[in-house]
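Structure at a glance
Okay, here's what each chain looks like letter by letter:
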Amino acid sequence: MAAVYKALSNGSKKSKPSTDTSTPDPTTIALLKQTRQRLLLLPSRGVTFRHRHLLNDLAALLPHARRESKLDTKTQLTQLNELADLYNCTTVLFFEARKGKDLYAWLSKPPNGPTIKFHVQNLHTMDELHFTGNCLRGSRPILSFDGAFDAAPHWRLAKEMLRQAFGVPPGARRSKPFVDHVVGFTLVGGRVWIRCYQIAETETDKSKKTDKMDKQTVEGESGGTSLVEIGPRFVLTPIVILEGSFGGPVIYENKEFVSPNAVRSELLRKKAGKFNVRARHGVETKAKLDELGLATGGKKMPRDPLDNREMFA
């Protein structure tokens, strides 16, 4: 309320005095209707160093985000609604770590929802990529979404929630009035691929070009822009969409998603199958040698009196 009062008082000082007080100023109405988008960014217990570096990179790219300490519980996620209300945040991005290997991202709109649960894969931070791109800290990004997001209702919902989470509102706290980087969201194979690029302006020297066609090429390229990747880069696989905020009925479920626990158990099962095949082959080879009398240097081994072949002959 203090920020709204300050904005209204500044607007009233700059505007000319009017005798009609019944009709409010259009700028006043716009200020009252403006919604401050704030993002609550926090992890759970058990995150690794790569997960922490990812949170630091996102906090640096999103000046409207508020960092919070680790959440102790992984079952009572409804506590995040009270935490978002306490810090006056409209969006919550919660990273949940499981078994020190798997990372899940919860994107929610408290207090009424909806909530999208993602599985984070192919994670690479800024420190390990060593890209040449760089942008101003606190600048606002341009959000670029793939046209495939408009193909299905659940993708349209994901697009809108990602736009509100990664889109820095104008006039946000700690934000700079510059736009010098792009955050791209590409939909490939049922997954959201997120990349960050710097908008680099290139200027060429026209004096070095003498040919007419070369001059035309230079004139077309002068003042052009190029994209240089900054990082981080990661992939989001949607799992479920809940109607409420961190709860409620399931309105969408990804049937093609395979849990990483199921993948690891299948790999272990394959390894165990190979061992069982080798063990069975060894037993069969030993039985054949026993029947041929080749197990003990050509002499046939005497059978055990308790062997099934002797007892039930």
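Residues numbered from 1 in each chain as written. Predicted model: local features only at pLDDT ≥ 70, side-chain atom pairs only at ≥ 80, totals over all residues. Heavy atoms only, no water.

An unreviewed UniProt entry annotates the protein chain as Brix-domain-containing protein originating from Microthyrium microscopicum. Under the UniProt heading Sequence similarities (unreviewed entry), the note attached to the protein chain is "Belongs to the BRX1 family." According to UniProt, the comment filed for the protein chain under the heading Subcellular location (unreviewed entry) is "Nucleus, Nucleolus". (UniProt positions renumbered as here; feature names shortened; annotations may be inferred.)

Applying the stated criterion to the full structure yields five aromatic pairs. Their ring planes at 10° and their centres at 4.6 Å tell us that Phe-145 and Phe-185 sit as a pair that is stacked. Taken together, the residues Phe-145 in strand S6 (residues 139-145) and Phe-185 in strand S7 (residues 176-188) connect sequence positions 40 residues apart. Residue classification places Phe-185 among the buried residues on the basis of a relative accessible area of 1%. Pairing Phe-149 with Trp-155 gives two aromatic rings, centres 6.1 Å apart and planes at 90°, and the pair type is edge-to-face. Comparing Phe-149 with Trp-155 shows no difference in burial state: the two are buried. Joined through ring pairs, the aromatic side chains of Phe-145, Phe-149, Trp-155, Phe-166 and Phe-185 make up one cluster. A cation sits over an aromatic face here: Lys-117 above Tyr-104, 4.9 Å from the ring centre. (Phe/Tyr/Trp six-rings, centres within 6.5 Å; stacked < 30°, edge-to-face > 60°. Helix = DSSP H or I, 4+ residues; strand = E, 2+ residues; numbered from the N terminus. Buried < 20%, exposed > 50% of the residue type's maximum accessible area, 1.4 Å probe, protein only. Lys NZ or Arg CZ within 6 Å of the ring centre and 35° of its normal.)

Moving on, we get to helix H6 (residues 153-166). When the terminal C-alpha atoms of H6 are compared, their 20 Å separation across 14 residues agrees well with the 20 Å that a helix rising 1.5 Å per residue should span. Where H6 is concerned, the buried positions are His-154, Trp-155, Ala-158, Met-161, Leu-162, Gln-164, Ala-165 and Phe-166. (Expected span 1.5 Å × (residues − 1).)

Once that is clear, we can look at unusual backbone geometry. Glycine aside, residues mostly have negative phi, and peptide bonds are mostly found in the trans state. The residue after Gly-113, namely Pro-114, is reached through a cis peptide bond having omega 5°. Its location among the elements puts Pro-114 in the loop between strand S4 (102-108) and strand S5 (115-124). Here the residue pair Gly-231 and Pro-232 is connected by a cis peptide bond, since its omega of -5° sits within 30 degrees of zero. Looking at the element boundaries, Pro-232 is found in the loop between strand S9 (224-229) and strand S10 (233-242).

Here the focus is the environment of Leu-80. Note that Leu-80 resides in helix H4 (residues 79-86). Overall, the relative accessible area of 0% leaves Leu-80 in the buried class. Each C-alpha atom of the pair Leu-80 and Leu-42 lies 9.7 Å from the other, and the pair is 38 residues apart in sequence. Beyond its immediate chain neighbours, meaning those up to four positions away, Leu-80 contacts Leu-42, Leu-71, Val-92, Phe-94 and Phe-246. (Contact = heavy atoms within 4.5 Å.)

It is worth spelling out a positive patch on the surface at this point. A contiguous patch of positive charge, built from Arg-137, Arg-173, Arg-174 and Lys-176, is present on the exposed surface. By the secondary structure assignment, Arg-137 is in the loop between helix H5 (126-129) and S6. Residue Arg-137 is classed as exposed on the basis of its relative accessible area of 61%. (Patch = residues over 30% accessible without salt bridge, like charges linked within 9 Å, V, L, I, M, F, W, Y side chains within 5 Å. Areas by Shrake-Rupley, 256 points an atom, 1.4 Å probe, with all protein chains shown as cover. Salt bridge = Lys/Arg side-chain N within 4 Å of Asp/Glu carboxyl O. Lys, Arg positive; Asp, Glu negative; His and termini not counted. Charge placed at Lys NZ, Arg CZ, Asp CG, Glu CD.)

Our next topic: the pattern of salt bridges. Under the counting rule described, the total for this entry stands at nine salt bridges. Salt-bridge contacts for Glu-229 lead to Arg-233; the nearest nitrogen and oxygen are separated by 2.8 Å. The class for Glu-229 is buried, based on a relative accessible area of 14%. Of the residues examined, Arg-233 reaches a relative accessible area of 22% and is grouped as partly exposed. Put simply, Lys-255 and Glu-253 hold a salt bridge, and the shortest N to O gap is 3.6 Å. In this structure Lys-255 comes out as exposed when scored by relative accessible area, which is 70%.

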